[in-house]
Amino acid sequence: MFFIDTIELEGLGNRSYLAGGREAAVAVDPPRDVDQVLAAAARRGVRITHVVETHIHNDYVTGGLELARLTGAAYLVPAGARVSFARVPVSDGDTVTVEGELELRAVATPGHTPHHTSYVLREQGRPVAAFTGGSLLIGTVGRPDLVEPRLTERLARAQHASAHRLATELPDETSVLPTHGFGSFCSSAQAEGDATTIGKEKSVNAALTTDVDSFVARLLAELDDVPAYYTHMGPANAAGPAPVDLTAPAVADAREIADRLAAGEWVVDLRNRVAFAEGHVAGSFNFEADGKLATYLAWMIPWGRPVTLLADSPEQLASAQRELVRVGIDRPAAAATGAPQEWVAGGDDLVSFPRSTFAGLAERGTDGVVVLDVRRDSERGSGYIAGSVHIPVHQLHQRLDEVPAGTVWVHCAGGMRAAIAASLLHAAGRDVVAVDDGFDSATEAGLTVVTG
């Protein structure tokens, strides 16, 4: 008998796994906050004997090295990965026994990275699951452009070959358990569905249903923007990440918050976008704790800039800290929790800006205002409001001077990124209206949407 537990990393759109038998288990692509992996092992009553990496990750900081240190497990890393720490190098065809007749077999699947390795879990010699990392995903594959531009096409062709190798060598009923594809920008597209098998992928995955030239052309044409912080993840993982410190940060009073803003530091309000718009500290930015906090904050903040977090509660603050250490933002400079009125010095007032919908914009009319679209290029390509200005949200803080004069009605696809953008604009002294609405409502509201 064997088990496989999935550990969701919803904010980053990834998954980690714990798999094993009655007494022993292996952890696959663990997150940096390894306590949840240890808790999963404790619930199963098993000892983690092996920790494995499918590749050197580009979108998050791994907890593999620390988890192996804490448990005494063997740390398996692809032999082709250049790292600065001791590990067990894994090559194609290597096998390790997890427990009894439960074993893990390494399968070289280059494409997402040159050294990428999948691991097939076998029970009594029969493949039951494949941990495919950033290789074969649900309905797609991992993107091939995160290592080196000169290698992108070569790696895209390798992705096609690796997918075919897995499909050829594994039975149709084998579960496919990827790390990426659930919102991570490491995926070339987002997963459709929650689970899959080799047999299902043979009928729906472009890597398995189209010839290599067509597949590569389509894959390269559809690659999306790369979050800026990815530049720092690979080197951090290759060097060997330090253990995390999730203790509460120093408490900032209203005067310290003001001083940090005056010093050019980032003060980030984690509350929901409705509450933020109604009243917030002047100059603070809104990155909702329940949104893709780690992705967008790490993408936009100048790397290494001190950040102070403002939260509804200690629980919200702790959750945000956990999200941020996963992408290398280790220690907030300071933090405050409670009511926003407590975050402003005596005599100062909270500031606010209005929210609306696409129907509200249509009623107001687009003449005399700036309509700012902060979606990505790929999203705008499917349709945009006539006359709108386009600056993706992850570029806005560097391009504020490109926003034309006038009141700015800012929108995205659903409202979260519009709230981030509105907070940046408002902090810069602009009059702004945050459109908190789904983009499909623009046409329904009577706005002219340009397509094609």
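Residues numbered from 1 in each chain as written. Predicted model: local features only at pLDDT ≥ 70, side-chain atom pairs only at ≥ 80, totals over all residues. Heavy atoms only, no water.

Student: Explain the overall build of the chain residue by residue, including any values.
Tutor: Regarding its fold elements, the chain presents 16 helices and 22 strands. Relative to its length of 452 residues, the chain is compact, with a C-alpha radius of gyration of 23 Å against a globular reference of 22 Å. Pairs at least 24 residues apart make up 69% of the contacts formed inside the chain by residues separated by at least 6 positions. For the chain, the accessible area works out to roughly 17800 Å², and carbon and sulfur atoms hold 48% of it. Here the chain contributes 37 positively and 58 negatively charged side chains, and the mean placements of these two sets differ by 5 Å. (Helix = DSSP H or I, 4+ residues; strand = E, 2+ residues; numbered from the N terminus. Rg over C-alpha atoms; globule rule 2.2 N^0.38 Å. Contact = heavy atoms within 4.5 Å. Areas by Shrake-Rupley, 256 points an atom, 1.4 Å probe, with all protein chains shown as cover. Lys, Arg positive; Asp, Glu negative; His and termini not counted. Charge placed at Lys NZ, Arg CZ, Asp CG, Glu CD.)

Student: Give me the nonpolar core: which residues, what numbers.
Tutor: Counting residues in hydrophobic clusters, the biggest one holds 53 residues, and the most contacted among them are Trp266, Phe287, Leu297, Leu309 and Leu372. Considering each element in turn, this core owes the most residues, seven residues, to helix H10 (residues 293-300). Ignoring sequence-local partners within four residues, the contact set of Leu372 consists of Val389, Ile391, Leu396, Val403, Val408, Trp409, Val410, His411 and Leu425. With 21 residues, the next largest nonpolar core counts Phe3, Ala27, Val34 and Ile48 among its residues. (Core = buried A, V, L, I, M, F, W, Y, C linked by side-chain atoms within 4.5 Å. Buried < 20%, exposed > 50% of the residue type's maximum accessible area, 1.4 Å probe, protein only.)

Student: Residues and numbers for the packing of helix H3 (residues 152-169) against helix H6 (residues 212-221), please.
Tutor: Their axes nearest at 9 Å, the elements H3 and H6 cross at an angle of 125°. Considering their axes alone, H3 and H6 lie oblique with respect to each other. Two packed elements cross with a definite hand, and for H3 against H6 that hand is right-handed. Between H3 and H6, the contacting residues are Thr152, Glu153, Ala156, Arg157, Gln159 and His160 on the first element and Val212, Asp213, Phe215, Val216, Leu219 and Leu220 on the second. (Axes fitted to C-alpha atoms, helices over the stretch in contact; angles between N-to-C directions. Parallel < 35°, antiparallel > 145°, perpendicular 65-115°, else oblique. Left-handed = near helix turned anticlockwise from the far one by under 90°.)

Student: So what's going on with the sheet that holds strand E13 (residues 285-286)? Which residues, and what values?
Tutor: Strand order in this open sheet of four strands is E13-E12-E14-E15, and the pairing throughout is parallel. Only two strands of the sheet have a single partner each, and these edge strands are E13 and strand E15 (334-337). Of the pairings in the sheet, the one linking strand E12 (residues 266-269) to strand E14 (residues 307-311) comprises four bridges and is parallel in character. For Asp269, the partnering residue across the bridge sits in E14 and is Leu310. Sheet contacts for helix H11 (residues 314-325): E14 and E15; angle to E14, the most-contacted strand, approximately 140°. (Pairing = 2+ DSSP bridges.)

Student: I'd like to hear about the environment of Ala298, residue by residue, with values.
Tutor: Tracing the backbone through its elements, the reader meets Ala298 in helix H10. Taking C-alpha positions, Ala298 is 7.0 Å from Val327, a pair spaced 29 residues apart along the chain. If we ignore the near neighbours within four places in the chain, the residues touching Ala298 are Tyr229, Leu293, Trp303, Val327 and Ile329.

Student: Before we move on, could you go through the pairing of strand E17 (residues 370-373) and cite the residues and values that matter?
Tutor: Judged by which residues are buried, E17 turns out to be covered on both faces: Val370 and Leu372 on one side and Val371 and Asp373 on the other are all buried. With four bridges joining them, E17 and strand E20 (residues 408-411) adopt parallel strand pairing. Across the sheet, residue Leu372 finds its bridge partner in E20, namely Val410. By the bridge criterion, two bridges tie E17 to strand E19 (residues 389-390) in an arrangement that is parallel.

Student: Before we move on, can you summarise unusual backbone geometry with the specific residues and values?
Tutor: Of note, Asp29 is a non-glycine position whose phi angle comes to about 50°, a positive value. Looking at the element boundaries, Asp29 is found in the loop between strand E3 (24-28) and helix H1 (35-44). Positive phi values are uncommon outside glycine, yet Gln124 reaches one of about 55°. As for its position among the elements, Gln124 is in the loop between strand E9 (117-123) and strand E10 (126-133).

Student: Kindly report on the sheet that holds E9, identifying the contributing residues and their values.
Tutor: Strand-to-strand pairing in sheets goes through backbone hydrogen bonds, with the strands running parallel or antiparallel. Read across the sheet, five strands follow the order E7-E8-E9-E10-E11 without closing on themselves; strand pairing throughout is mixed. For this open sheet the edge positions go to strand E7 (95-99) and strand E11 (175-178), each flanked by a neighbour on one side alone. Geometrically, the sheet is characterised by an average inter-axis angle of 25° between neighbouring strands, direction not taken into account. Against the sheet, H3 touches strand E8 (102-108), E9 and E10, its axis set at about 145° to E8.

Student: Could you give an account of the side chain of Ser16, with specific residues and numbers?
Tutor: By the secondary structure assignment, Ser16 is in strand E2 (residues 14-20). Of note is the side chain of Ser16, whose polar atom sits 2.8 Å from the backbone oxygen of Val28. Look past the residues within four positions of Ser16 in its chain and what remains in contact with it is Asp5, Thr6, Ile7, Val28, Asp29, Pro30 and Pro31. (Polar contact = N/O pair within 3.5 Å; in protein donor to acceptor, adjacent residues only side chain to side chain.)

Student: Any chance you could break down the environment of Leu317 for me, citing the residues and the numbers?
Tutor: For Leu317, the position within the fold is in helix H11. Along the chain, Leu317 and Glu8 lie 309 residues apart, while their C-alpha atoms are 19 Å from each other. Dropping the residues within four chain positions of it, Leu317 is found in contact with Pro249, Leu270, Leu309, Ala311, Ala335 and Thr337.

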